[in-house]
Amino acid sequence: MRFDDDAGLDTSEVQDLRGSGGGGGGIGGRVALGGGGLGVVGLIIYFVLSQLGGVSIGGSGGSGLSGGLGSVGSGQQVDNSKLDSQCKKGSDANSNHDCAIVAVVNSVQDYWTQQFARSGSTYRKSTTNFFNGGVRTGCGSATSDTGPFYCPADSKVYIDLSFFDELKTRFGAQGGLFTESYVLAHEYGHHVQNLLGTSKKGTGTGPTSGSVRLELQADCYAGVWANHASTTPTDSGKPLITDITQDDIASALDTASRIGDDYIQQNLGGGQVDRSKFTHGTSAQRKKWFTTGFQTGEPARCDTFGTSNLG
């Protein structure tokens, strides 16, 4: 996966909160799941704590996170000066990891802006917030252990970039830039759902629950973006991403196979698979729906709520 060296980057779509007063802290209190608000690392926390008690499952589709995830500093300030100075063109994205993430966010939102316009509606852009340790959001406070997540209450994506190391060390994923792109595109899939009013359907737990359907649809939307990534033009008229290889797609599918409910429960959450607690879908389902989006390139084919066959 590479970027057009001459394409411009828009750092306004990212807010850099790193080093601005966020604090870490251990896992404590109760973790509430719901509405696409919890990242995949948070699932590990859920499955581990659920065997110790004291974990609640939220079904409101909007609350996302409770305030009990650890101590988080207040007064966080956005400081984009470093990103603004370093991330100007695609050539910067090809050599600087932070700039690459900015470029991916730009590409994902360029696609959805154009797709919404083709459908006669308007896409409202969401910012991605980089943070270290902890962050305050419209869905409550979160630590890095939560993993990447989308908060429906403030319509923003949050990520501690060290999560991508966790994917490799804790999950055993192959890693790589396109793996990271899949994760981000999935979170922006939740933003699309929020704009369309689908988020409120993401309730309950279990293999056919609204929560599972919401997550699988976000996987499918990520695949749709991947299909169009190298053909979606920027304001300059040329695509920001020049190519996506089969190895890139393989790395995304590898990651999808390691963040299914069954894989996490079996390998990271105690060894027993409890389908009644599914919130994101099985590894096979996550691979299926990303592939559906990638092969068809059609958001309409991502109607996980209108099918009885989730795979």
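In case you missed it, the structure is sitting above this.
What counts as what
- Residues numbered from 1 in each chain as written.
- Predicted model: local features only at pLDDT ≥ 70, side-chain atom pairs only at ≥ 80, totals over all residues.
- Heavy atoms only, no water.
- Helix = DSSP H or I, 4+ residues; strand = E, 2+ residues; numbered from the N terminus.
- Buried < 20%, exposed > 50% of the residue type's maximum accessible area, 1.4 Å probe, protein only.
- Contact = heavy atoms within 4.5 Å.
- Pairing = 2+ DSSP bridges.
- Phe/Tyr/Trp six-rings, centres within 6.5 Å; stacked < 30°, edge-to-face > 60°.
- Lys NZ or Arg CZ within 6 Å of the ring centre and 35° of its normal.
- Expected span 1.5 Å × (residues − 1).
- Polar contact = N/O pair within 3.5 Å; in protein donor to acceptor, adjacent residues only side chain to side chain.

1. As for the overall build of the chain
Alright, step 1. Regarding its fold elements, the chain presents 10 helices and 8 strands.
Alright, step 2. Each of the 311 residues in the chain was classed as buried or not, and the buried ones make up 53%.
Alright, step 3. Long-range contacts, defined here as pairs at least 24 residues apart, represent 77% of the contacts in the chain between residues at least 6 apart.

2. Some remarks on the pairing of strand β7 (residues 156-159)
Alright, step 1. Here 3 bridges tie strand β3 (residues 128-130) to β7, and the two strands are oriented parallel to one another. Residue pairing across strands places Phe130 opposite Ile159, the latter belonging to β7.
Alright, step 2. The pairing of strand β6 (residues 149-151) with β7 spans 3 bridges and is antiparallel. Following the sheet pairing, Phe149 is matched in β7 by Tyr158.
Alright, step 3. Linking β6 to β7, which pair antiparallel, is a turn of 4 residues; within it Ser155 sits at a positive phi near 60 degrees.

3. Observations regarding the packing of aromatic side chains
Alright, step 1. Applying the stated criterion across every chain yields a total of 8 aromatic pairs.
Alright, step 2. Aromatic pair Tyr182 and Phe290: ring centres 5.3 Å apart, planes at 75 degrees, arrangement edge-to-face. In this pair, Tyr182 sits in helix α6 (residues 177-196) while Phe290 sits in helix α10 (residues 283-296), placing the two residues 108 residues apart along the sequence. Each member of the pair, Tyr182 as well as Phe290, carries the same accessibility label: buried.
Alright, step 3. In textbook terms, an aromatic cluster arises when at least three aromatic residues are bridged by ring pairs, as seen for Tyr111, Trp112, Phe116, Tyr123 and Tyr221.
Alright, step 4. In this structure, Lys201 is placed above the aromatic ring of Phe305, and the distance from its NZ or CZ to the ring centre is 5.2 Å.

4. Here we look at unusual backbone geometry
Alright, step 1. For Ser155, which is not glycine, the phi dihedral falls at a positive 60 degrees.
Alright, step 2. Checked against the element boundaries, Ser155 lands in the loop between β6 and β7.
Alright, step 3. For Ser155, a relative accessible area of 25% translates into the label partly exposed.

5. Here's the deal with helix α4 (residues 97-118)
Alright, step 1. For α4, spanning 22 residues, the distance from its first C-alpha to its last is 32 Å, which sits close to the expected 32 Å at 1.5 Å a residue.
Alright, step 2. Burial within α4 is extensive, with 17 of its 22 residues counted as buried.
Alright, step 3. A side-chain oxygen of the first residue of α4 lies 2.9 Å from the backbone nitrogen of Asp98; this N-cap is Asn96.
Alright, step 4. Residue Gly120 follows α4 closely and has a positive phi angle near 80 degrees.

6. Overview of the environment of Asn267
Alright, step 1. Mapped onto the elements of the fold, Asn267 is located in helix α9 (residues 261-268).
Alright, step 2. The sequence separation of Asn267 and Phe171 amounts to 96 residues, and the corresponding C-alpha distance is 8.9 Å.

7. Thoughts on the side chain of Asn80
Alright, step 1. Secondary-structure assignment places Asn80 in the loop between α1 (40-50) and α2 (81-86).
Alright, step 2. On the accessibility criterion, Asn80 (13% relative accessible area) is buried.
Alright, step 3. A distance of 3.2 Å separates a polar atom in the side chain of Asn80 from the backbone oxygen of Thr11.
Alright, step 4. Not counting the four nearest positions on each side in its chain, Asn80 is found in contact with Thr11, Val14, Gln15 and Asp16.

8. Here's the deal with the side chain of Gln285
Alright, step 1. Position of Gln285 relative to the elements: it lies in helix α10.
Alright, step 2. By relative accessible area, Gln285 is classed as buried at 8%.
Alright, step 3. Polar contacts involving the side chain of Gln285 include one to the main-chain carbonyl oxygen of Gly311, which spans 3.4 Å.
Alright, step 4. Here Gln285 is in contact with Val212, Leu216, Leu310 and Gly311, once residues within four sequence places are set aside.

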